[in-house]
Amino acid sequence: MKLPQDAIITEAKLTKYLLKWKPIDDKSQFLLKAGYTITTAKQLEKDLREQILPLNAVYTESNNFGEKYEIKGQLKGINGVILIVITILSG
């Protein structure tokens, strides 16, 4: 199944979760390998919409937030480095 191109990706999800360093379950250092930082959050959003959202989404479960989907794919970063990512979406 394909998810809509206008799926909601909040700024807080990018800047306070994905791109902000955390001592546990940090994702910022992984994304930094491809050149993404808090200052490039808009580019990360654009790249997710263009490179990941067009891929097939697989339903995984339902929870209190709604249905949960997973997209596996490659994300080519700002610096040309390709990351293998698993994106979890709910709604």
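Look a little higher up for the structure.
What counts and how
Residues numbered from 1 in each chain as written. Predicted model: local features only at pLDDT ≥ 70, side-chain atom pairs only at ≥ 80, totals over all residues. Heavy atoms only, no water. Helix = DSSP H or I, 4+ residues; strand = E, 2+ residues; numbered from the N terminus. Salt bridge = Lys/Arg side-chain N within 4 Å of Asp/Glu carboxyl O. Buried < 20%, exposed > 50% of the residue type's maximum accessible area, 1.4 Å probe, protein only. Pairing = 2+ DSSP bridges.

Caption draft 1: Seen up close, unusual backbone geometry. Residue Asp25 is not a glycine yet carries a positive backbone phi of 60°. Structurally, Asp25 can be placed in the loop between helix H1 (11-18) and helix H2 (28-32).

Caption draft 2: Just the pattern of salt bridges, in detail. One pass over the structure, following the stated rule, counts 5 salt bridges. Arg49 serves as the salt-bridge partner of Glu45, at 3.2 Å between the closest nitrogen and oxygen. Here the residue Glu45 and the residue Arg49 both occupy positions in helix H3 (residues 41-52), the gap between them amounting to 4 residues, near one helical turn. A residue is classified by how much of its surface remains accessible, and Glu45, at 16% relative accessible area, is buried. The partner of Lys46 in a salt bridge is Glu50, and the shortest N-O contact between them spans 3.1 Å. Here Lys46 and its partner Glu50 are both found in helix H3, 4 residues apart, which amounts to about one turn of the helix. A residue is classified by how much of its surface remains accessible, and Lys46, at 41% relative accessible area, is partly exposed.

Caption draft 3: Seen up close, the pairing of strand E1 (residues 58-63). In terms of strand pairing, E1 meets strand E2 (residues 66-76) through 5 bridges, oriented antiparallel. For Val58, the partnering residue across the bridge sits in E2 and is Glu70.

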